[in-house]
Every structure is written in structure tokens, then in C-alpha cells.
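Chains, contacts and geometry: an overview
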Amino acid sequence: MPPHALISVRRRWAILAAGTLASAASTTMVTGPAFLIPELHAAVGDGGRGLSLAAAGLVAAATVAGQMVALLPWGFVVDRRGERFALVAGLSVAVLGGIAAILAPGTVTLAVALFFAGIGGASANSASGRVVVGWFPPERRGLAMGIRQAAQPIGVGLGAATMAVLAADQGIALALGVPTVACALAILLVLVIVLDPPRPPRAEGDGHTNPYRVDGFLVRVHAASVLLVVPQFLVWAFGLTWLVTDLGWEPGPAGLLIAGTQVAGAAARISSGWVSDLVGSRMRPMRVVAVLAALTLLLLGSAASLSGGWWTAVAVALLVVASAVTVADNGLAYTAIAEKAGPFWSGRALGAQNTAQHAVAALVPPLFGLLITHWGYGAAYALAAVLPLLAIGVVPVHREQQIR
């Protein structure tokens, strides 16, 4: 009997919902500091920290750096102890890191606390694959993983809608309370609802076979995902700052717009997963996403360089489109990796996937902060379009195994 037949459909979707909310909370913890960049960059007399844009980006990237170093270790934990244990343990570390960040007296201690919060938040990323592959049949996994991966734009949206405004009005410490409380509530949900899917005996499940030695499929998915994550994180990290500092928007409306873009991003992930179930392929839709991402970023870079009058409205509209398109590939890659790696390697494979992505993503705020300082936002967006162009040829469409 397949694992998905062991529980009711209602319980299966409840587990998915709880895991999605836990992932959203951890995402708010990891990506939320990016929305503190305007206050970190503001002058001390205006309630900010007086940091340069590059330095503010470096502090905001501390959670991403913490997540990066912990993803693979959390993958080992998932493979050995299960998703439920990994989520509870990781979110607990995130809560402690968030509390330390709230109480941090200086910039260095703030960055260190955020680093440890990112370590805890990493658990949700490495745990996202096995429960979906274990509890859902193949013809529903794309949709289910799309919903699970929609947690990331939902988490970003929560941070954008709340943290930017709270930081501007009440200070950075209060803004950091949003992801801290969200992670604490997520722990309760996981404890009450989440069940780990059963795994076959190791002899049956071939748990000793390293999927990376079978062929190059996983490595190529990792490589394509790394190329696609740069424009995704660029839009996340600097979209709000661009609206506030370059276009003169107030933090409240800017935060609401960015939150709205994340709703579009969540819909894009769910839709791409649903399409992958229909066409019986994860990689063909992923290649289409790469094409659309490259085109959208080129248009956004051009419009941002010509901002003024109608061009400003066009650029803002393209920012919304880019926020959706650049995140649509994540669920496709995660599903393909979890299916290929199997029940004994999915945690490590997803840990490797996320480690590679976040190693690059951690460099985006400081490096693109320097690029924006010297060349402007339009050039940064246009330059980022080169990477999805490269990803088009890397996506392993012809090496994909049959889904059904």
C-alpha cells in the first residue's frame, strides 16, 4: 500500500497546510531583515543606524548566511529524524535568535543574532520535500509542492507588509518581533498536526545508493536553480528600497505593494506546480520560467533606467511581474529533486539545493548594493537578466525521469 493511502485526504492537506505555514514563518525570519535596510541605512538622527547601503545589505544578509551554512546539516537531520523533529528544533532556534536580535544593543550583535536566527530557519527548507513526496501521489506532488513553496512569497509578503512600517514608526526591534512570534506559533502547529510519512526498509528503498552517482540530473537542477535565484533575491532584497529611496514612496504603501507582489508569486508557484502535474514534467515548465524571467528583467531594467512619468508606472508594474515570474521555478526544482533523490536522500539533496542557492543569494545584497550605488537600479535589473538566459540551457529537460 502506498504511503498516501494510509491517511485521509483531509489529514494529508492539513499536514501540508501546517508545513506551509511553518515554512512561511521561517521565510519571514530569513528574508524579513531585507525590509529593514531603509532604517539601517537612514541617518542616526532619523532613527536609523547610519550604515552605508552596502553595509546595511550585509547586515540584512546575515540570516541568509546563517541559513546557508545550516541547510545541509538540517538535511541530514531530516533524513534521520524526520520532518517533524527538524521543524520543531529549527524553529525553536529561530525564535531564540529572533529574541537575541530584538535585544541586540549594536550592529555587530544584531548581525550575529540574525545569523543564528537564519540557522534555525533553514530547517523548513530542508524539510520541505519528503513530506510532500511521502504523503501525496505523483500526479498531485507538483501542486502540493507548489503550495508548500508558496510559503516563501507568503513569508516575504508578511515581512513586507509589517516589518518595513513597524521599523519606520517604532524601530527595528519591534519589527523583528513579527518573525519571532510567527515562528513560535508555527512550532505549536507542527507539534499538533504534522506526521512524518513512513519510509520503506532500506533494502527496498535502496537507501545506500547515492543519487548523485547515478547521473548528472540533480547537479544540473542545482546549477539552474542557482542561476535563477539571483534575480529572485535581487527583486526581494531591493524592490522595497528602490520604491522608497529612488521613487520617493512612503514605507507603508511600498510595503503593501511588495506584499501584493508576493501574493502573485505564491500564485505563480502553485500554478507552475499544477501545470507540471498536467504535462507530466517538472523541467519543461522550469525552462519556460527561465525564458520569462530573462525577458521580464530586461524590460524592468530598461523601464527603471527611463523612470519618470509613464515609465515609472511601467517599471513598477514590471516589478510586480518580475516578483511573480522569478519565484515560479522553486517548487518545480524541489519536487524534481525530492522525487529523484528518494526517501533516504531527499533531505540532503534539498539541503544541497538550498545551500547552493543561498550561498549565491547571500552575496546579492552587498554586491548589488555596490552595483546600484554606482550604476543605478536599471543596470542592476538588466544585468541580472543574463543569469536566467544561461539557465535555459542548463535545465535538464531531456534527462528527466517519467513522473507517472
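Residues numbered from 1 in each chain as written. Predicted model: local features only at pLDDT ≥ 70, side-chain atom pairs only at ≥ 80, totals over all residues. Heavy atoms only, no water.

Where an unreviewed UniProt entry is consulted, the chain appears under the name MFS family permease, with the organism given as Nocardioides thalensis. Taken directly from UniProt, the Subcellular location (unreviewed entry) text for the chain runs: "Cell membrane". (UniProt positions renumbered as here; feature names shortened; annotations may be inferred.)

**Let's talk about the packing of helix α8 (residues 138-149) against helix α16 (residues 330-341)**
Where α8 meets α16, the closest approach of the two axes is 8 Å, and the angle between their N-to-C directions is 125 degrees. The angle between α8 and α16 falls in the class oblique. In this structure, α8 crosses over α16, and the sense of that crossing is right-handed. Side by side, α8 and α16 meet where R141, G142, M145 and Q149 of the first sit next to N330, G331, Y334, T335 and E339 of the second. (Axes fitted to C-alpha atoms, helices over the stretch in contact; angles between N-to-C directions. Helix = DSSP H or I, 4+ residues; strand = E, 2+ residues; numbered from the N terminus. Parallel < 35°, antiparallel > 145°, perpendicular 65-115°, else oblique. Left-handed = near helix turned anticlockwise from the far one by under 90°. Contact = heavy atoms within 4.5 Å.)

**Considerations on a nonpolar patch on the surface**
Together, V181, L185, L188, L191 and V192 line one region of the surface with nonpolar side chains, adding up to about 490 Å² of accessible area. Structurally, V192 is set in helix α10 (residues 172-193). (Patch = residues over 30% accessible without salt bridge, like charges linked within 9 Å, V, L, I, M, F, W, Y side chains within 5 Å. Areas by Shrake-Rupley, 256 points an atom, 1.4 Å probe, with all protein chains shown as cover. Salt bridge = Lys/Arg side-chain N within 4 Å of Asp/Glu carboxyl O.)

**Notes on the domain arrangement of the chain**
By domain assignment, the chain separates into domain 1 (3-193) and domain 2 (216-399). Centre-to-centre, using C-alpha coordinates, domain 1 lies 18 Å away from domain 2. Facing 48 residues of domain 1, the contacting portion of domain 2 comprises 48 residues. Buried surface at the junction of domain 1 and domain 2, summed over both partners, amounts to about 3800 Å²; 73% is from carbon and sulfur atoms. For E339, the salt bridge goes to R141, with nearest N and O atoms at 3.6 Å. At the junction of domain 1 and domain 2, the tally comes to 7 residue pairs in polar contact (both at pLDDT 80 or more). (Domains from an automatic or database assignment. Buried area = accessible area lost by both parts, 1.4 Å probe. Polar contact = N/O pair within 3.5 Å; in protein donor to acceptor, adjacent residues only side chain to side chain.)

**Here's the deal with helix α4 (residues 62-81)**
When the terminal C-alpha atoms of α4 are compared, their 27 Å separation across 20 residues agrees well with the 28 Å that a helix rising 1.5 Å per residue should span. At L71, α4 shows its strongest bend, of approximately 40 degrees, with the proline P73 following within four residues. Among all positions of α4, only A62, T63, V64, G66, Q67, A70, L71, W74, G75, V78 and D79 are buried. In the stretch just after α4, G82 is the one whose phi turns positive, near 100 degrees. (Expected span 1.5 Å × (residues − 1). Bend = angle between axes of the 7 residues up to and from the residue. Buried < 20%, exposed > 50% of the residue type's maximum accessible area, 1.4 Å probe, protein only.)

**Structural notes on the side chain of T335**
In this fold, T335 is placed in helix α16. By relative accessible area, which is 1% here, T335 ends up buried. The residues contacting T335, other than those within four sequence positions of it, are R141, G142, M145 and R282.

**Digging into the nonpolar core**
By size, the foremost hydrophobic cluster in this structure holds 63 residues, and its most contacted members are W242 and F368. The element that contributes the greatest number of residues to this core is helix α12 (residues 217-246), accounting for 12 residues. Each of domain 1 (3-193) and domain 2 (216-399) gives at least three residues to this core. The contact partners of F368, leaving out residues within four places of it in the chain, are V230, L234, F238, L363, A380 and A384. By size, the runner-up hydrophobic cluster in this structure holds 55 residues, among which are L71, V88, V131 and C183. (Core = buried A, V, L, I, M, F, W, Y, C linked by side-chain atoms within 4.5 Å.)

**Let's talk about the layout of surface pockets**
What the second largest pocket holds in volume is close to 190 Å³. Around the second largest pocket, the lining comprises 14 residues; the ones closest to its centre are S272, V275, P285, V288 and V289. Secondary-structure elements contributing two or more residues to the lining of the second largest pocket are α13 (251-279), α14 (283-305) and α15 (310-325). For the lining of the second largest pocket, the class distribution of residues is 11 nonpolar, 2 polar and 1 charged. (1 Å grid on protein atoms, 1.4 Å probe; cavity = no way out; pocket = protein on both sides within 12 Å on 5 of 7 lines; lining within 4 Å. Points joined across faces, edges and corners; volume = space filled by probe spheres on them. Nonpolar A, V, L, I, M, F, W, Y, C, P; charged D, E, K, R; others polar.)

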